[in-house]
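A closer look at the structure
Chain residues, written in single-letter form:
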Amino acid sequence: MNDNFIPVTSPLLPPLEEFVPYLEEIWKSRFLTNGGAMHQALEQALCEHLGVQHISLVTNGTLALVTALQTLRITGEVITTPYSFVATSHALSWNGIKPVFVDIDPVTLNLDPDKIESAITPQTTAIMPVHCYGNLCAVDEIQRIADTYNLKVVYDAAHAFGVKDNGGSILRHGDLSILSFHATKVFNTFEGGAIICPDEKTKQRIDNFKNFGFLDETTVLMPGINGKLNEVSAAFGLLQLKHIDEALAQRQEIDQLYRYLLADIRGIRCLPPGPQTFSNHAYFPILVEEDFPLRRDELYSFMREQGVLVRRYFYPLISDFSMYNSLPSAKPANLPVASSVAAKILCLPIYPGLSRENIGLIADLIAIVGPKFESNIIEYPPVANL
Ligand SMILES: *Cc1c(COP(=O)(O)O)cnc(C)c1O
């Protein structure tokens, strides 16, 4: 790691020598893509690791979203959250679907189920929520609304690798869920993604769609796309799986240390843990409240000047980007909670290998400009493996 700055995230990269045998196997097989041995092995291994029935690997999370919407033949309008990465709405645009933005819950920062029904129109065909920061959405309420109005539910679970609730993986919720395996995500294949689906027939349709729509050598079922994950990425995923439990354990320890160190700083609020039973600590978001001496953007600039590359996930809101801001649902008055959170949010560095010294430094920097510096000179609790 560069000594001069602390990035907001850093990819999980197992030792290179552990990857070499996988590459040798690929070279020997001369099979680079098109659902080879690595691809099949990773689909199987992920089903077992995550505890889900069927997975189809794709090139990236954005194409996973586009493909999921195609698979369910979703059209018209889709209710979604403005508080996400822009790809969530872009996937709708790429399918000719109009996003309808609904405000978020002030505690979970996920789609507020109480505000969904009033946004439903005769054109609405689906709800596309995001498990933001890997925190579980109000899945039961959302499903109840979907059942009542005969809507599909597609979860953008790009942040939710490995997250569990009482019933197991949260990826089982809705009609389909998608994952991103981008380098910045908890589990990465350099670039990559996946669709989690409940039955073999749906998986078949996804598999055909991501391979140009081919059913066999001479039959094309639909205008599909090239969405296949290559063998090198799939192999890297297999290697990542061997290290993921350790990486998640480290993330949990970092989360705990931050919460301990930031607890006394007035005006800095950590997001409460979500309702899930197992978290992946993909992000460490804080809210810079009114009683903190600096505004969020001032703290953002200060931290970056100090070499701590904090990020404002998610600011601006998707609904504020020029291609969406003329939609009636994009008006800030329709999205008061999301607008307020977007002005206060700051994500602190979190990744396996972030040292406890650096976590202490980050907390101290916030405390220096905060209201209670003296009382923040504290002893760090023991943290293993950092
Ligand atoms: C990362 C991300 C995506 C896009 O995934 P890619 O693999 O980068 O295409 C979609 N939605 C959310 C919420 C994300 O964070």
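Note on numbering: residues in each chain are counted from 1, in written sequence order. Residue-level local features of this predicted model are given only where pLDDT is at least 70; pairs of side-chain atoms are given and counted only at 80 or more, and the full residue set underlies all totals for whole chains, interfaces and linings. Here the side-chain values reflect all heavy atoms present in the structure, with hydrogen atoms and water set aside.

**Re the overall build of the protein chain**
- Helix numbers and strand numbers start at the N terminus; a helix is a DSSP run of H or I with at least 4 residues, a strand a run of E with at least 2. The helix and strand inventory of the protein chain stands at 10 helices and 14 strands.
- Only C-alpha atoms enter the radius of gyration, while the globule expectation follows 2.2 Å times N to the 0.38, with N the number of residues. Taken over C-alpha atoms, the radius of gyration comes to 21 Å for the protein chain, in line with the 21 Å a tight globule of 386 residues would show.
- When the backbone C-alpha atoms are referred to their principal axes, the protein chain occupies close to 75 × 55 × 40 Å.
- Long-range pairs, those at least 24 residues apart, make up 70% of the contacts in the protein chain with a sequence separation of at least 6.
- Surface summary for the protein chain: the accessible area is close to 17000 Å², and the carbon and sulfur share equals 53%. We call two residues in contact when some of their heavy atoms are within 4.5 Å. Per-residue and other accessible areas follow the Shrake-Rupley method at a 1.4 Å probe size, with only the shown protein chains counted as cover for residues.

**Concerning the confidence of the model for the protein chain**
- Mean pLDDT over the protein chain: 95, with 95% of residues reaching 70 or higher.
- Contacts of residues 373-386 to residues separated by more than four positions or lying in other chains number 35 contacts, the stretch itself having pLDDT below 50. Note: pLDDT gives the predictor's confidence per residue, expressed from 0 to 100.

**Here's the deal with the sheet that holds strand β12 (residues 268-270)**
- Strands qualify as paired when DSSP identifies two bridges or more between them. The strand order across the open sheet built from 3 strands is β12-β13-β14, with neighbouring strands paired in antiparallel fashion. Across the chains shown, the open sheet's two edge strands, defined by having one partner strand only, are β12 and β14 (345-348). Taken pair by pair, the neighbouring strands of this sheet meet at an average axis angle of 35°, ignoring direction.
- Sheet analysis places strand β13 (residues 284-288) next to β14, joined by 4 bridges and oriented antiparallel. Looking at β14, one finds that Pro285 is bridged to Cys347.
- Set on the sheet, helix α9 (residues 336-344) makes contact with β13 and β14; between it and β14 the angle comes to about 45°. Working convention: axes come from line fits to C-alpha atoms, limited for helices to the stretch in contact. Angles between N-to-C directions cover 0 to 180 degrees.

**As for the sheet that holds strand β5 (residues 152-156)**
- Taking strand neighbours across the sheet as the criterion, the 7 strands line up as β1-β9-β8-β5-β4-β2-β3 in an open arrangement whose pairing is mixed. Of all the strands in the sheet, just β1 (54-58) and β3 (98-101) have a single pairing partner and so form its edges. Averaged over all pairs of adjacent strands, the angle between strand axes in this sheet comes to 25°, irrespective of strand direction.
- With 4 bridges connecting them, strand β8 (residues 176-180) and strand β9 (residues 193-197) associate as antiparallel partners. Bridge pairing in β9 places Ile178 opposite Ile195.

**Looking at the packing of helix α7 (residues 231-262) against helix α10 (residues 356-369)**
- Where α7 meets α10, the closest approach of the two axes is 10 Å, and the angle between their N-to-C directions is 30°. As the angle between them shows, α7 and α10 are arranged roughly parallel. Helix-helix and strand crossings are classified by hand; for α7 and α10 the assignment is right-handed. Taking contact as the criterion, the partners of Ile254, Leu257, Tyr258, Leu261 and Leu262 in α7 are, on α10, Arg356, Ile359, Gly360, Ile362, Ala363 and Ile366. For classification purposes, an angle smaller than 35 degrees is called roughly parallel, one larger than 145 roughly antiparallel, one from 65 to 115 roughly perpendicular, and anything else oblique. By convention, the crossing between two helices is left-handed when the near helix turns anticlockwise from the far helix through less than a right angle, and right-handed when the turn is clockwise.

**Brief notes about unusual backbone geometry**
- Going from Tyr313 to Phe314, the amide bond is cis rather than trans, its omega being 10°.
- Non-glycine residue His281 carries a positive phi angle of around 50°.
- Within the element layout of this structure, His281 appears in the loop between β12 and β13.
- The buried label goes to any residue with under 20% of its type's maximum accessible area, the exposed label to any with over 50%, and the partly exposed label to all in between, with areas taken from a 1.4 Å probe on protein chains only. On the basis of relative accessible area, His281 is assigned to the buried category, the value being 15%.

**Quick notes on the site of the ligand**
- Looking at the ligand, there are 14 residues lining it, with Gly61, Thr62, Asp156, Ser180 and Lys185 nearest.
- Here Thr62 contributes a side-chain N or O atom positioned 2.6 Å from an oxygen atom of the ligand.
- Polar contact is the term for a pair of N or O atoms within 3.5 Å; when the atoms are in protein, one must be able to donate a hydrogen and the other to accept it, and sequence-neighboring residues count only if both atoms are side-chain atoms. The side chain of His159 places a nitrogen or oxygen atom 2.7 Å from an oxygen atom of the ligand.
- Mapped onto the shell around the ligand, the elements with two or more residues apiece are α3 (61-71) and α4 (87-94).
- Classifying every residue of the shell around the ligand gives 3 nonpolar, 9 polar and 2 charged. Working definition: residue near molecule or strand if any one of its non-hydrogen atoms lies within 4 Å of it. Here the term charged refers only to Asp, Glu, Lys and Arg, the term nonpolar to Ala, Val, Leu, Ile, Met, Phe, Trp, Tyr, Cys and Pro, and the term polar to all other amino acids, Gly among them.

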